[in-house]
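Summary of structural features
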Amino acid sequence: FSPLYYSTSYDGYVVDMVFDGLIKRGYDGEFTASIAKDWELVDNGKSIVFHLRDDVTFSDGTPLTSADVEFTYLVLADPSYTGRYGSMVKDMMGYEEYFAKQTDQFAGVETNGDYQVTFHFKEALRTNLENCILGILPKHYYGAGFTIGNTSSVEALSSKPLGAGPYQLTNFSPKEYASLTKNTNYFKSGYEIKNIVCKFVDTSTEVTELTNGSVDLLPKLIEKKKISELRKNHAISLNSYTRNGYGYIGFNCESGPTADVRVRQALAYSFHIDEYLKSDHTDTETGEVFAVSQFYPYSQVCWVVDDAFREEMGTYPFDLGKAEALLDEAGWKKNASGVREKDGQVLELKIAAMPDNPVLATLIPMWERDWGSIGIRLNVAYIEFNTLTDYIEAHSDENVDKWSMFFLASDFLGPDPHEIYSTYHSSNIGSGKSNFARYKNEEVDRLLDEGKGKLSEEEAKPIYTEAGKILTEELPVLPVYASNYFDAYNKKLTNFKTNSLYNWVDALEDAKIQ
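Quick caveat, the model's predicted, so the values are computed rather than measured.

The rules behind each value
Residues numbered from 1 in each chain as written. Predicted model: local features only at pLDDT ≥ 70, side-chain atom pairs only at ≥ 80, totals over all residues. Heavy atoms only, no water. Core = buried A, V, L, I, M, F, W, Y, C linked by side-chain atoms within 4.5 Å. Buried < 20%, exposed > 50% of the residue type's maximum accessible area, 1.4 Å probe, protein only. Helix = DSSP H or I, 4+ residues; strand = E, 2+ residues; numbered from the N terminus. Contact = heavy atoms within 4.5 Å. Arc of directions from axis to C-beta. Pairing = 2+ DSSP bridges. Salt bridge = Lys/Arg side-chain N within 4 Å of Asp/Glu carboxyl O. Axes fitted to C-alpha atoms, helices over the stretch in contact; angles between N-to-C directions. Phe/Tyr/Trp six-rings, centres within 6.5 Å; stacked < 30°, edge-to-face > 60°. Parallel < 35°, antiparallel > 145°, perpendicular 65-115°, else oblique. Left-handed = near helix turned anticlockwise from the far one by under 90°. Nonpolar A, V, L, I, M, F, W, Y, C, P; charged D, E, K, R; others polar.

Some points on the nonpolar core
Ranked by size, the top nonpolar core spans 68 residues in total, and within it Phe-50, Tyr-73 and Phe-119 carry the most contacts. Counting residues per element, this core draws most heavily on helix α2 (residues 66–77), which supplies 7 residues. Among all residues touching Phe-119, those that are not within four sequence positions of it are Leu-22, Lys-46, Ser-47, Ile-48, Phe-50, Val-69, Tyr-73, Met-92, Gly-108, Val-109 and Cys-132. Membership of the second largest hydrophobic core comes to 42 residues, among which are Ala-266, Ala-353, Trp-367 and Ile-374.

Written as structure tokens, this is what we have:
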């Protein structure tokens, strides 16, 4: 539970309750002050000066100062840092020199007294402010064993978090629950709910647990049967909004048959996504569709996405004939048994799948039917989530040959198309980094770098549109569904407001229990 090291949305919920940042997103999606009381752009937009509140303490009562802000970003810039958020400091002044151990001073963060901190960036980028949103770590706690070039002591405290957020972790049992209580030293009003328990529940019984009072909130539901059932329950409220993300297939672009773009395209043409959406995301009673298909990499909430953008993006309508032609072109020919071979190797997809996943319970039989019909063999390995993340993230360099594809769902933090940078930029390939597909394209790298340098959305949009076209054609990631989210909760919970950019943890600030 560390802002620097967490990798799942579940851990992220706890992180967001325990830690607070200089700024945060409000209900309208705009940045608002938090630990910082205000900020200003100087040096033609290349530096951001934050003036900190002087009444903020960590949950142990220690005052939060500029030294804690500086320490947090020093860890991110450290050459030994193994988390996935290092990109937040790469645009800062002096990063390369500090990372290369040429200096022990990081020029990107400058303190001026206890309550002023300045971030210095190499360029005036549209994305600079968002890189200042990280939860702040207390230096006196996390920095006790820290030395430049050795961040292991910081990471070791991830299971015992200490922050300045509205709650503090009181108890935790892996894969079971996390208990939190109100931080009595918290500096802002609100957060009237004193105790929070994040509990793992079986997806097959979660609706029953909500209706019988075992849990009070089920966030981000997407299953049509559950939503239909809960709509009929007068004791339950539902918030509905467009998801800022999607469920997707990630392809291995470095190793195995999916390293060939033609194979990835063939898999897209031979995947009947519309059939899946009708099966899992359409209310049979009302005909309401809770999800749409897309092949481009941005979320439906992203400001680059509109009707004109969608018309420019490629699509992959279900077409087994086109899929077979692509496989033939790629050299994968059917043998006497109807199985595709190339250079003596069978076309086999190693699918890394999590057990008891309701989406995969529908998808895998469809893939076996349709991909099998065109001569592709499937080897489904059911592995736990931690093993999957070990394959594609934590130790991806050592496991690159163990998988061809995986299925995950992902949410973006904001509406900016820069959100996809760490997913597709080649600088983020490697163990502990976020380019899980290990995708490399110099033109995409150039466009993503150019795009973040445009200060206005109008200037940036054509650049991200061009990047979207390439990524839609080359398909390192194949979005499967972009759904609506439904937050279902007991009506005793009031003033509970959520939307695409403001999740249930954010909503706790104003929520009350009757």
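Comments concerning helix α13 (residues 385–394)
For α13, the full list of buried residues reads Leu-388, Thr-389, Tyr-391, Ile-392 and Glu-393. Within α13, the buried residues cover an arc of 160 degrees as seen down the axis, which keeps them to one side. Looking at the buried positions of α13, the neighbouring elements they touch are β17 (348–353), α14 (396–399) and β19 (405–411).

Quick notes on the sheet that holds strand β15 (residues 340–342)
Remark on secondary structure: sheet strands pair via backbone hydrogen bonds, oriented parallel or antiparallel. Reading across from one edge, β14-β15-β16 is the order of the 3 strands in this open sheet, with antiparallel pairing throughout. Across the chains shown, the open sheet's two edge strands, defined by having one partner strand only, are β14 (333–334) and β16 (345–346). Pairing analysis gives 2 bridges linking β15 to β16, with the strands arranged antiparallel. Opposite Lys-342, over in β16, you have Gln-345 as the bridge partner.

Some details on the pattern of salt bridges
Scanning the entire structure with this criterion turns up 30 salt bridges. Asp-416 serves as the salt-bridge partner of Arg-126, at 2.8 Å between the closest nitrogen and oxygen. Of this pair, Arg-126 sits in the loop between β6 (116–120) and α4 (139–142) while Asp-416 sits in the loop between β19 and α15 (421–424), placing them 290 residues apart in sequence. Look at Arg-126 and you get buried, because its relative accessible area is 15%. When its relative accessible area of 11% is taken as the criterion, Asp-416 is described as buried. Arg-310 is the partner of Asp-307 in a salt bridge, and the nearest nitrogen-oxygen pair spans 3.1 Å. Here the residue Asp-307 and the residue Arg-310 both occupy positions in helix α10 (residues 307–312), the gap between them amounting to 3 residues, near one helical turn.

Things to note about the environment of Leu-137
Mapped onto the elements of the fold, Leu-137 is located in the loop between β6 and α4. With relative accessibility at 0%, the residue Leu-137 sits in the buried group. Spatially, the C-alpha atom of Leu-137 lies 45 Å from that of Asp-283, the residues being 146 residues apart in sequence. Residues in contact with Leu-137, not counting those within four places in the same chain, are Pro-3, Leu-4, Phe-19, Phe-58, Asp-68, Phe-71, Thr-72, Tyr-142 and Val-154.

A word on the sheet that holds strand β9 (residues 195–199)
An order of β7-β8-β9 is seen for the 3 strands of this open sheet, with the pairing classed as antiparallel. Of all the strands in the sheet, the pair left with one neighbour each is β7 (167–173) and β9. Neighbour-to-neighbour, the strand axes of this sheet turn through a mean angle of 20 degrees, independent of strand direction. Summarising the sheet, β7 and strand β8 (residues 177–182) pair through 6 bridges and their orientation is antiparallel. Directly across from Leu-169, in β8, lies its bridge partner Leu-180.

So, the environment of Ala-511
Looking at the secondary structure, you find Ala-511 in the loop between α18 (504–507) and β22 (512–513). C-alpha of Ala-511 to C-alpha of Gly-190: the two residues are 321 residues apart in sequence and 8.0 Å apart in space. If we skip the residues at most four places from it in the chain, Ala-511 touches Glu-192, Ile-193, Leu-493, Thr-494, Asn-495 and Phe-496.

Overview of the packing of aromatic side chains
With the rule as written, the count across this model stands at 38 aromatic pairs. Here the aromatic rings of Tyr-167 and Tyr-191 are separated by 6.1 Å at their centres, their planes lie at 85 degrees, and the arrangement is edge-to-face. Of this pair, Tyr-167 sits in strand β7 while Tyr-191 sits in the loop between β8 and β9; the two residues are 24 residues apart in sequence, bridging distant segments of the chain. Both residues of the pair, Tyr-167 and Tyr-191, count as buried. Seen in terms of ring centroids, Tyr-246 and Phe-412 are 5.9 Å apart; in terms of plane orientation they differ by 80 degrees. Their pairing is edge-to-face. Here Tyr-246, found in strand β12 (residues 245–251), pairs with Phe-412, found in the loop between β19 and α15; they are 166 residues apart in sequence, far enough to count as distant. Per residue, the accessibility class of Tyr-246 equals that of Phe-412, and both read buried.

Examining the packing of helix α16 (residues 442–452) against helix α17 (residues 457–474)
Between α16 and α17, the least distance of the axes is 9 Å, while the angle of their chain directions is 155 degrees. With respect to α17, the axis of α16 lies roughly antiparallel. Where α16 crosses over α17, the handedness of that crossing is left-handed. Counting all contacts with α16, which are made through Glu-443, Val-444, Leu-447, Leu-448, Glu-450, Gly-451 and Lys-452, the residues of α17 involved are Ala-460, Ile-463, Tyr-464, Glu-466, Ala-467, Ile-470 and Leu-471. Partitioning the contact of α16 with α17 into residue classes produces 9 nonpolar, 1 polar and 4 charged.

In short, shape yes, function no, at least from these values alone.
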